[in-house]
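So the chains spell out like this:
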Amino acid sequence: MNNKFLIALWAMGSLSLFAPQINAEPKNMMPIDILSLPKVSKAELSADGDFLIFQISEVNWKKNTRVSHLWRKKLSSGELRQMTFGLDSNTNPIWSPDGSKIMYTSKRPGDKHSQIYLMHVDGGEAYRLAELNASPKNLKWTEDGRFIYFTGVKEESEKQQKLLKKQKIIPSFESDKIQRLLWRVDVALGIVTQISKDGESVRNYSFSTNGKIIVFNKASGDRIDQRHEGDLWTMGLQGEDQKRLTDNGYYEGNVSFSNDGKLIAYTAAVNAKGANYYNTNLFVLDVQTDKSRVLTMGEFSGEVKSYTWSKHGQQLYFTANIGVSTHLHSYDLKTNTIKQITSGDWTIKGWSYQNNLDTHIFTIQSAAQPAEVWMSKGSDTQVTKIT
């Protein structure tokens, strides 16, 4: 038989081994397959709307953990670029107000806790902003980009650290002595300053639109029952001129000023009378009268997850769980009506809102597909996939 013919037959047989099986049944995903899927989260749009920063986490089976890295997409060109690398996770990316830098948190070799790192928008080596004595939470830039505020507990005394290291004492799960304080770090100098006072715990906070006042929830400690004793207060940027706004028996979360500074919105798991053990609802407090009113009760039976003020301040956008999914809604302050903006057999996660662009950024996740990043405008029901 012709040798060339035999070689041709052999090649055809070999190729058939690697040819796709068109009629093959799709393979069912096992739990390990689901866990191995990359996860997209923490997406945020730059102030000019041209860049998207987000994190992708993947499983590292050897270290028995997920490792997250930051990615950047230029929406005008579609260019996609990985911004961080290595074995250590890099999480919680936040744009600087001018869009020139990206702040994120990471615990690198030599760091006692997670630290704040800054990176230029075009990439390059990131640098640690300061040496923090506790992992930072609730990070926020000031509007002028000079400072970054965050909450964090005070470092244990040197004596306690040695005892913990030698396992002579057991760390407390909940202690009435732990306070979560408010701090700020000077971006140019790297100097860290304590803002709130010892003996008071700050769970959440935000700045007024003019950037001169902080509204925050203050409690005596970080324990769960102590949080419910907390109330809303205001103070200056350096902790001065504290003023109490509420005096009740429930915890107010996610506090923020309206655009004109006349109202303060917050969430609380209570009803209109302040009784506990209800779905989390959305409230507004009149700054002049110190009176609160609930916005999301009555015919609305969902549970509020997060919210923000609209670009012009006439609406509050919020995400709410409405059974088996979470969707975007709006509350009109003039008509006192709620409108569901998104709908479908999927759920919204990681939602953020770019105020100056009136643009929503979020991930959509369903049983049929892993999360991807989508966007929408204002109260428009149309959503657009961008990753």
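The model shown is predicted, which means the values in this text are computed figures rather than measured ones.

Caption draft 1: Here's a closer look at the sheet that holds strand 12 (residues 192–194). Strand order in this open sheet of 4 strands is 9-10-11-12, and the pairing throughout is antiparallel. Only two strands of the sheet have a single partner each, and these edge strands are strand 9 (137–141) and strand 12. Between one strand axis and the next, the sheet turns through 25° on average, direction left out of account. For strand 10 (residues 147–153) and strand 11 (residues 180–186), the ladder comprises 7 bridges, and the chain directions are antiparallel. Looking at strand 11, one finds that Thr151 is bridged to Leu182.

Caption draft 2: Just the environment of Thr91, in detail. Its place among the elements puts Thr91 in strand 5 (residues 90–95). Distance in space between the C-alpha atoms of Thr91 and His69 is 6.9 Å, their sequence separation being 22 residues. The residues touching Thr91, leaving out its near neighbours within four places in the chain, are Gln55, Ser68, Leu70, Tyr104 and Thr105.

Caption draft 3: Main features of the packing of aromatic side chains. Under the defined criterion, the tally for this structure stands at 8 aromatic pairs. Ring centres of Tyr104 and Tyr117 lie 6.1 Å apart, and the angle between their planes is 20°; on these two criteria the pair is classed as stacked. Of the two residues, Tyr104 sits in strand 6 (residues 101–106) while Tyr117 sits in strand 7 (residues 115–120), which places them 13 residues apart along the sequence. A single burial state applies to Tyr104 and to Tyr117, both of which are buried. Summarising the aromatic geometry, the rings of Tyr205 and Phe207 are spaced 6.0 Å apart at their centres and angled 80° between planes, so their arrangement reads as edge-to-face. Like Phe207, Tyr205 is buried. Against the face of Tyr117 rests Arg108, its NZ or CZ located 4.4 Å from the ring centre. Sitting over the ring of Tyr205, Lys140 keeps its end group 5.3 Å from the ring centre.

Thresholds, definitions, all that
- Residues numbered from 1 in each chain as written.
- Predicted model: local features only at pLDDT ≥ 70, side-chain atom pairs only at ≥ 80, totals over all residues.
- Heavy atoms only, no water.
- Pairing = 2+ DSSP bridges.
- Helix = DSSP H or I, 4+ residues; strand = E, 2+ residues; numbered from the N terminus.
- Axes fitted to C-alpha atoms, helices over the stretch in contact; angles between N-to-C directions.
- Contact = heavy atoms within 4.5 Å.
- Phe/Tyr/Trp six-rings, centres within 6.5 Å; stacked < 30°, edge-to-face > 60°.
- Buried < 20%, exposed > 50% of the residue type's maximum accessible area, 1.4 Å probe, protein only.
- Lys NZ or Arg CZ within 6 Å of the ring centre and 35° of its normal.

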